[in-house]
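Spelled out, the chains give:
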Number of protein chains: 2
Amino acid sequence: MDALNLRDRAASGASAVVALIEQGIADGTWGPGTKLPTERELEKRFNVSRNTLRKSLRVLEEQGKIVRHVGRGSFVTSEATVKATAEDQSLTSRIIGASPAEIMELRLMVEPQAAELAAGRATAADLHRMEECLAHAERAQDVPEFEHWDGMLHVAIIGAAKNGLLSDVYDAINAIRNQPEWARLKVRSLTPARRAVYEDQHRRIVSALKDRDGDQARAALQEHLLQVRTNLLGS
Amino acid sequence: MDALNLRDRAASGASAVVALIEQGIADGTWGPGTKLPTERELEKRFNVSRNTLRKSLRVLEEQGKIVRHVGRGSFVTSEATVKATAEDQSLTSRIIGASPAEIMELRLMVEPQAAELAAGRATAADLHRMEECLAHAERAQDVPEFEHWDGMLHVAIIGAAKNGLLSDVYDAINAIRNQPEWARLKVRSLTPARRAVYEDQHRRIVSALKDRDGDQARAALQEHLLQVRTNLLGS
DNA sequence: CTCCGCTGATCCAATTATGATCCATTATCG
DNA sequence: CGATAATGGATCATAATTGGATCAGCGGAG
């Protein structure tokens, strides 16, 4: 089983291929007017059958993002990149238009201090919930599942700070974090080794909270987030 | 929130799973029209049998929160998504319901660190805007006018941190200045003596920013906010 | 003990993906 | 020009995926 096979990922299928190609157009891999690789090439690159690949290309063609000519190839429309970026910004602009760098910066501002507060305010139920998130995360079979419980843990920590407004704000941030684009970023950056590091850091954070050690909790969470940021965005 | 608690009482029931999935939809884990993991995936993730999982899904389907198609999968309803996004966008309205104590706590978390960032990122225009706010505030004839320029100054400082997401969040918090209840609280607490103290603190903050002294800026803003909190809420 | 809910297993039906084959059009080169 | 290769277009039988449904068994609550 090739781990890189799209086929055995949860998000496999034609729509996933559409997203990948859209991203390639958006990020400039295939600029305006350039020729895409041949279908028989893309089929191998994305590890899908040619039929599936062709279905994806048809979607992109109907969206006007590419044009196809028999015997010549498929080409990115000149306005496709404009469309793609405009779409991205309209879909995500409101609160969602934040860059991963901005999000991580905000999280680094808020979460460590929230952890410090949580150390003094967390109830037994809060701590227990965190333990459960830890357990679930460590039992997770794949990246999305791990991410799910990872997110829940952070939510639990924020919640333990007993500031409803803070929780609301964090929920808004979390909603951004769950955008597909951001998810892709996370999946790419989460190697098994890094996941092990995260689990260790998580344990340390929760441990500090259980010890009611605010300084330790703040430091541990800050260290964790700095690690996450480095892994996500590079140093 | 209690969903996780329910799970470990050896009674990991269908209702608990419903709550978990509802939360996943609410917090954006499974957002707009996205496809839920397959039943055989969710059954493993939540550690329940497929029958139980399916019972939960049926509840969610009857609530109109998801739709299911044989051979395709289960999808979050756009209606459910609207609810989720509505939650995001009504962040402002929820903030209005937040207590002054919560708001001040959040401001104390965010603003000092934002000031530290602003020290390194503020443009000449940013600093000039702050100076203007200072001048206007000191020339203010009454409390509401002073409050206006006071608020603008804080917005300017946040803006100088050059984090659009942070600015958005702060704008939402700041919107509360228009709320009658909050305004009344401020009017009561703003004596001439305190206003003089604020003006002095403001000057020190801006001065530190102009000196590019992040530590000083953070400390000054923190001191200021602690003072404000004390005046507003009592020690 | 009985009842109810959860489990694990099995089979079914709808949908999608696959792999192979052949066709139509265009590009390349002698 | 003409032959050949390359490329998109199309179809089909088969396999894999996924929700739908049922059933016997098990275990705790009443």
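What you see is a predicted model, and the numbers here were worked out from it, not measured in a lab.

Calculation criteria
- Residues numbered from 1 in each chain as written.
- Chains lettered and ligands numbered in written order.
- Predicted model: local features only at pLDDT ≥ 70, side-chain atom pairs only at ≥ 80, totals over all residues.
- Heavy atoms only, no water.
- Helix = DSSP H or I, 4+ residues; strand = E, 2+ residues; numbered from the N terminus.
- Areas by Shrake-Rupley, 256 points an atom, 1.4 Å probe, with all protein chains shown as cover.
- Near = heavy atom within 4 Å.
- Polar contact = N/O pair within 3.5 Å; in protein donor to acceptor, adjacent residues only side chain to side chain.
- pLDDT = per-residue confidence, 0-100.
- Contact = heavy atoms within 4.5 Å.
- Pairing = 2+ DSSP bridges.
- Core = buried A, V, L, I, M, F, W, Y, C linked by side-chain atoms within 4.5 Å.
- Buried < 20%, exposed > 50% of the residue type's maximum accessible area, 1.4 Å probe, protein only.
- Expected span 1.5 Å × (residues − 1).
- Nonpolar A, V, L, I, M, F, W, Y, C, P; charged D, E, K, R; others polar.
- Axes fitted to C-alpha atoms, helices over the stretch in contact; angles between N-to-C directions.
- Parallel < 35°, antiparallel > 145°, perpendicular 65-115°, else oblique.
- Left-handed = near helix turned anticlockwise from the far one by under 90°.
- Salt bridge = Lys/Arg side-chain N within 4 Å of Asp/Glu carboxyl O.

Examining the overall build of chain A
Then step 1. Looking only at helices and strands, chain A has 11 helices and two strands in total.
Then step 2. Going residue by residue from the N terminus, the α and β elements of chain A occur as α-α-α-β-β-α-α-α-α-α-α-α-α.
Then step 3. Only carbon and sulfur atoms are counted for the fraction: they give 51% of the accessible area of chain A, which is about 11,000 Å².

With respect to the protein's contact with DNA strand C
Then step 1. Close to DNA strand C lie 21 residues, the nearest being Asn-51 and Thr-52 of chain A together with Ser-49, Asn-51 and Thr-52 of chain B.
Then step 2. Expressed as a percentage, the sugar and phosphate content of the atoms of DNA strand C within 4 Å of the protein is 63%.
Then step 3. Between Val-70 of chain B and DNA strand C, the recorded distance is 3.3 Å, taken from a backbone N or O atom to a sugar or linking oxygen.
Then step 4. Of all elements in the fold, only helix H3 (50-62) of chain A together with helix H4 (50-62) of chain B reach the threshold of two or more residues within the surface near DNA strand C.

Things to note about the confidence of the model for chain A
All names here are of chain A.
Then step 1. In this model, chain A carries a mean pLDDT of 80, and residues with pLDDT of at least 70 account for 78%.
Then step 2. In this model residues 1-11 is a low-confidence stretch, pLDDT under 50, and it forms 16 contacts with partners more than four residues away in sequence or in other chains.
Then step 3. Interface confidence in the predicted complex, given as ipTM, is 0.60; pTM for the same model is 0.63.

Here we look at the pairing of strand S2 (residues 73-76) of chain B
Residues and elements named next belong to chain B.
Then step 1. Where strand S1 (residues 66-69) lies against S2, four bridges are found, and the strand directions are antiparallel. Its bridge partner lying in S2, Val-67 is registered against Phe-75.
Then step 2. Between the end of S1 and the start of S2, which pair antiparallel, lie three residues, with Gly-71 showing a positive phi angle near 80°.

Quick look at unusual backbone geometry
Then step 1. The backbone of Asn-47 of chain A shows a phi angle near 60°, a positive value even though the residue is not glycine.
Then step 2. For Asn-47 of chain A, the location among the structural elements is in the loop between helix H2 (39-45) and H3.

Description of the nonpolar core
Then step 1. Ranked by internal contacts, the top residues of the largest apolar core, which has 47 residues, are Met-130, Ile-157 and Leu-209 of chain A together with Ile-21, Phe-46 and Leu-53 of chain B.
Then step 2. For this core, the secondary structure elements donating two or more residues are helix H5 (100-121), helix H6 (124-139), helix H7 (143-160), helix H10 (192-210) and helix H11 (214-233) of chain A together with helix H2 (14-26) and H4 of chain B.
Then step 3. If you tally residues by element for this core, the top one is H7 of chain A, at eight residues.
Then step 4. Setting aside residues no more than four positions away along its own chain, Ile-157 of chain A makes contact with Ala-115, Ala-118, Met-130, Ile-205, Leu-209 and Leu-221 of chain A.
Then step 5. Of all hydrophobic cores here, the second largest spans 30 residues; its members include Ala-119, Ala-122, Trp-149 and Ala-220 of chain B.

Things to note about the side chain of Ser-74 of chain A
All names here are of chain A.
Then step 1. As for its placement among the helices and strands, Ser-74 is situated in strand S2 (residues 73-76).
Then step 2. For Ser-74, a relative accessible area of 9% corresponds to the buried category.
Then step 3. In contact with Ser-74, other than residues within four places in its own chain, are Thr-34, Lys-35, Leu-36, Val-67 and Arg-68.

Digging into H3 of chain A
All names here are of chain A.
Then step 1. For H3, built from 13 residues, the straight-helix expectation of 18 Å at 1.5 Å per residue is met to within 8% by its first-to-last C-alpha distance of 18 Å.
Then step 2. Against helix H1 (14-26), H2 and strand S1 (66-69) lie the buried residues of H3.
Then step 3. One or two residues past the end of H3 sits Gly-64, with phi positive at roughly 75°.

Overview of the protein's contact with DNA strand D
Then step 1. Lining the immediate environment of DNA strand D, one finds 24 residues, of which Glu-39 of chain A together with Glu-39, Arg-40, Arg-54 and Arg-68 of chain B sit closest.
Then step 2. Between a base nitrogen of DNA strand D and a side-chain N or O atom of Arg-40 of chain A, the distance comes to 3.0 Å.
Then step 3. Each residue belonging to the surface near DNA strand D can be placed in one class, and the counts come to two nonpolar, 12 polar and 10 charged.

Quick word on the packing of H6 of chain A against H10 of chain A
Residue and element names in this part refer to chain A.
Then step 1. Between H6 and H10, whose axes approach to 11 Å, the crossing angle comes to 165°. Taken together, H6 and H10 sit at an angle that is classed as roughly antiparallel. Crossing geometry of H6 relative to H10 is assigned as left-handed. Contacts between H6 and H10 involve Leu-127, Met-130, Glu-131, Leu-134, Ala-137, Glu-138 and Arg-139 on the former and, on the latter, Arg-195, Glu-199, His-202, Arg-203, Val-206, Leu-209 and Lys-210.
Then step 2. In terms of residue class, the contact of H6 with H10 is made up of six nonpolar, one polar and seven charged.

A short note on the pattern of salt bridges
Residues and elements named next belong to chain A.
Then step 1. Enumeration according to the criterion identifies 33 salt bridges over all chains in this entry.
Then step 2. Taking the shortest distance from any N to any O, the salt bridge between Glu-61 and Arg-68 comes out at 3.2 Å.
Then step 3. Judged by its relative accessible area of 33%, Glu-61 is partly exposed.

Looking at the packing of helix H9 (residues 143-160) of chain B against helix H12 (residues 192-210) of chain B
Residues and elements named next belong to chain B.
Then step 1. In contact at an axis separation of 12 Å, H9 and H12 are set at 20° when each is read in the N-to-C sense. One element, H9, and the other, H12, form an angle in the roughly parallel class. You can see that H9 and H12 cross each other, and the crossing is left-handed. The segment H9 lies against H12, with Phe-146, Asp-150, Leu-153, His-154 and Ile-157 engaging Arg-195, Tyr-198, Glu-199, His-202, Ile-205, Val-206 and Leu-209.

Focus: the environment of Ala-217 of chain B
Then step 1. Positionally, Ala-217 of chain B belongs in helix H13 (residues 214-233).
Then step 2. Setting aside residues no more than four positions away along its own chain, Ala-217 of chain B makes contact with Ala-115, Ala-208 and Leu-209 of chain B.

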